[in-house]
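Okay, here's what each chain looks like letter by letter:
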Amino acid sequence: MLKSKVAVQVISPGILPDDAIMLGDAYLRQWKIPQGQPVILKFGALRHYVKVVPVERFDGMRIGQSLARKMGLFSSSSLRIRYSYDTSTLALGPLIGVLISRDDPETRDRPFGSITMFCKELVDACAAQGAHVYFFTPDHVTDNFNNVEGWVYSDGWRKVMMPVPDVVNNRLTSRKLENRPNVQQFIKEVKLRHGSTVFNEKFLDKSEVFEALMKDASLTRYLPESHVLRSLPMLKSMCSKYNTVFLKPVRGSLGKGIIRISRIDTDSYSAQYATTLGTRRQHFNGIAKLYASINGKMKTVRYQIQQGLHLIDIMGRPVDFRALVQKNETGKWMLTSIVARTAGSNHFVSNLARGGTLSTVREAVAKSNLSGSSDAPAKLTRAALEIAKGIDTHIPAHFGELGIDLALDSSGRVWLLEVNSKPSKNDNTPLQDNKIRPSVRNMIRYARHLAEF
């Protein structure tokens, strides 16, 4: 059986014409690739007619430098290979494009700032799996929907013209960038023209997630009561129902802008605001005064009002859980990692950016005020996978990985806090020091599945 991964050698100029490649003769025999007749060489959006020259006792491929440049290849590499007899197409790949927010060409050793290490990790993981990856920003996207300027790694980072990829992983970290007309047009056109697949194609709003999952009777048990806050009567109603409610910016992340409202007595309320330095408190005599103080913010920020939960805690510090779920090589959701996050002292949100600490689920549950819940990891895993499937079913967009924030209350019940379609490459790091993280390997396996390699 021939290997599906082939060593592609770039050879010196003048040996091979641009319209010829050399390939081990066993591939020609097995796939009945015609000799002397042109076949289509496909790499991402590149389609190039070539004649295939057989080489005895050789199990690789050789291409000339001119063709390699068109493919954006600078040195020999391993790629997956397949041949379609019906369309006379010899495909190499998968070619993966990662859409990132910004680059800095002046800083060649760290062109992508804090995610440069993650990008290099992807390069190494692609090399191991027979894929090729490049990185591009919204500024690289033009109205040429066949090629895009991107960064590749070959003895250092360099910028080259690349064919549009088979698979685009949208890693944009701002809605403003994602909504730029050229980005939206690019996503639409590459799907249409080249059959490219884009995953994690959009941000999720908290209200959109909860409204979508409410449609699924099997998921409502995970959902605290939530509404978009629109009026004083709604605030009144939620505060009379629950001693504590949370106001969360519909489009917020990293715990920014969260307000915890607690009823002290009949008509007296305390509001706690999450800030980077800790929690700021304010007291209000009367719910109208409380609403008036929030009303100003509501002109620019939409809030989700959510039932307060009695979360498990460790010595008064709330604990929640971040699950990273990803689609695997068969396109099915799987759990890649799950960590417990304990809030820092003087904070009521657990994000690492606000002094939170990471531990394993078992460690956190053992130290917490929850007794006898040895099945907590299994319950959290089941919830994360069911919620991911629910997002797929009820939200019309393509996702390949999700960060799902869950909580356990003091009775051991699992609750959904929020779903993040652009999981941070720091906050969800598994608690082990592997060179290539499982999350990175899984992303490439899924890209191979999408591109049918």
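Note that the structure is a prediction, hence the values are computed from the model and not measured.

**Quick notes on unusual backbone geometry**
Note that the residue after Gly 93, namely Pro 94, is joined by a cis bond; omega there is 0°. Checked against the element boundaries, Pro 94 lands in the loop between β7 (89-93) and β8 (95-99). Here the phi dihedral of Glu 452 falls at roughly 60°; this positive angle occurs in a residue that is not glycine. Residue Glu 452 is classed as exposed on the basis of its relative accessible area, which comes to 62%.

**Some remarks on the packing of helix α3 (residues 116-129) against helix α11 (residues 438-451)**
Viewed as axis vectors pointing N to C, α3 and α11 meet at an angle of 55°, and their least axial separation amounts to 9 Å. Comparing their axes, α11 and α3 come out oblique. Remark: the crossing between α3 and α11 carries right-handed chirality. Contacts between α3 and α11 involve Phe 118, Glu 121, Leu 122, Ala 125, Cys 126 and Gln 129 from the former and Val 440, Arg 441, Met 443, Ile 444, Arg 445 and Arg 448 from the latter. Its residues assigned to classes, the contact of α3 with α11 shows 7 nonpolar, 1 polar and 4 charged.

**Quick notes on the domain arrangement of the protein**
Parsing the protein into structural domains produces domain 1 (5-93), domain 2 (95-199), domain 3 (225-307) and domain 4 (311-421). Taken over C-alpha atoms, the centre of domain 1 sits 46 Å from the centre of domain 4.

**Observations regarding the pairing of strand β2 (residues 20-24)**
Looking along a regular strand, one sees side chains alternate from face to face of the sheet. For β2, the buried fraction is high: 4 of the 5 residues fall into the buried class. Pairing of β2 with strand β5 (residues 61-64), which is carried by 2 bridges, proceeds in the antiparallel orientation. For Leu 23, the partnering residue across the bridge sits in β5 and is Met 61.

**A closer look at the pattern of salt bridges**
Following the criterion strictly, the structure yields 23 salt bridges and no others. Linking Lys 42 and Asp 166 is a salt bridge whose minimum nitrogen-to-oxygen distance equals 3.0 Å. Here Lys 42 is found in strand β3 (residues 39-43), whereas its partner Asp 166 is found in the loop between β11 (157-163) and β12 (167-170), with 124 residues between them in sequence. Assigned by exposure class, Lys 42 and Asp 166 land together as buried. A salt bridge links Asp 320 to Arg 341, with the nearest nitrogen and oxygen atoms 3.2 Å apart. Placement of the pair is Asp 320 in strand β21 (residues 317-327) and Arg 341 in strand β22 (residues 333-342), with a sequence separation of 21 residues. For Arg 341, a relative accessible area of 1% corresponds to the buried category. Ionic contacts of the salt-bridge type, sharing partners, join the residues Arg 175, Asp 205, Arg 251 and Arg 302 into one network.

**Quick look at helix α6 (residues 206-213)**
Burial analysis of α6 places 6 of its 8 residues in the buried class, the great majority of the element. For α6, the complete set of buried residues consists of Lys 206, Ser 207, Val 209, Phe 210, Ala 212 and Leu 213. On its buried face, α6 sits against β14 (226-228), β15 (244-249), β19 (303-307), α10 (376-394) and β25 (414-420).

**Describing the packing of aromatic side chains**
Summed over the entire model, instances satisfying the criterion amount to 9 aromatic pairs. For the ring pair Phe 112 and Trp 157, a centre distance of 5.0 Å and an interplane angle of 80° mean the geometry is edge-to-face. In this pair, Phe 112 sits in the loop between β8 and α3 while Trp 157 sits in strand β11, placing the two residues 45 residues apart along the sequence. Judged by its relative accessible area of 5%, Phe 112 falls in the buried class. Three or more aromatic residues link up through ring pairs in this structure, and these residues are Phe 112, Phe 135, Trp 151, Tyr 153 and Trp 157. Its end group placed over the ring of Phe 453, Arg 82 keeps NZ or CZ at 4.3 Å from the ring centre. Above the face of the Phe 203 ring, Lys 422 is positioned so that its terminal group lies 4.1 Å from the ring centre.

**Some words on the sheet that holds strand β1 (residues 5-11)**
With respect to topology, 7 strands assemble into a closed barrel ordered β1-β5-β2-β4-β3-β7-β6, the strand pairing being mixed. For this sheet, the mean angle separating the axes of adjacent strands, direction not counted, is 40°. Where β1 meets β5, 4 bridges bridge the pair, whose relative direction is parallel. Along β5, the bridge assignment pairs Val 8 with Met 61.

**Notes on the side chain of Gln 306**
Within the secondary structure layout, Gln 306 lies in strand β19. Overall, Gln 306 belongs to the buried group, its relative accessible area being 3%. A polar contact of 3.1 Å, which involves the side chain of Gln 306, links it to the side chain of Ser 226. A distance of 2.9 Å separates polar atoms of two side chains, one belonging to Gln 306 and the other to Lys 248. If we ignore the near neighbours within four places in the chain, the residues touching Gln 306 are Phe 210, Pro 224, Glu 225, Ser 226, Met 238, Val 245, Phe 246, Lys 248 and Leu 417.

**Comments concerning the nonpolar core**
Residues Met 61, Ile 63 and Leu 90 are the most contacted members of the largest nonpolar core, which totals 46 residues. It is helix α5 (residues 181-194) that contributes the most residues to this core, 4 residues altogether. Residues lining this core come from more than one domain, with at least three contributed by each of domain 1 (5-93) and domain 2 (95-199). Judged by nonpolar contacts, the second largest core, of 39 residues, contains Val 325, Leu 370, Ile 404 and Leu 416.

Criteria and cut-off values
Residues numbered from 1 in each chain as written. Predicted model: local features only at pLDDT ≥ 70, side-chain atom pairs only at ≥ 80, totals over all residues. Heavy atoms only, no water. Helix = DSSP H or I, 4+ residues; strand = E, 2+ residues; numbered from the N terminus. Buried < 20%, exposed > 50% of the residue type's maximum accessible area, 1.4 Å probe, protein only. Axes fitted to C-alpha atoms, helices over the stretch in contact; angles between N-to-C directions. Parallel < 35°, antiparallel > 145°, perpendicular 65-115°, else oblique. Left-handed = near helix turned anticlockwise from the far one by under 90°. Contact = heavy atoms within 4.5 Å. Nonpolar A, V, L, I, M, F, W, Y, C, P; charged D, E, K, R; others polar. Domains from an automatic or database assignment. Pairing = 2+ DSSP bridges. Salt bridge = Lys/Arg side-chain N within 4 Å of Asp/Glu carboxyl O. Phe/Tyr/Trp six-rings, centres within 6.5 Å; stacked < 30°, edge-to-face > 60°. Lys NZ or Arg CZ within 6 Å of the ring centre and 35° of its normal. Polar contact = N/O pair within 3.5 Å; in protein donor to acceptor, adjacent residues only side chain to side chain. Core = buried A, V, L, I, M, F, W, Y, C linked by side-chain atoms within 4.5 Å.

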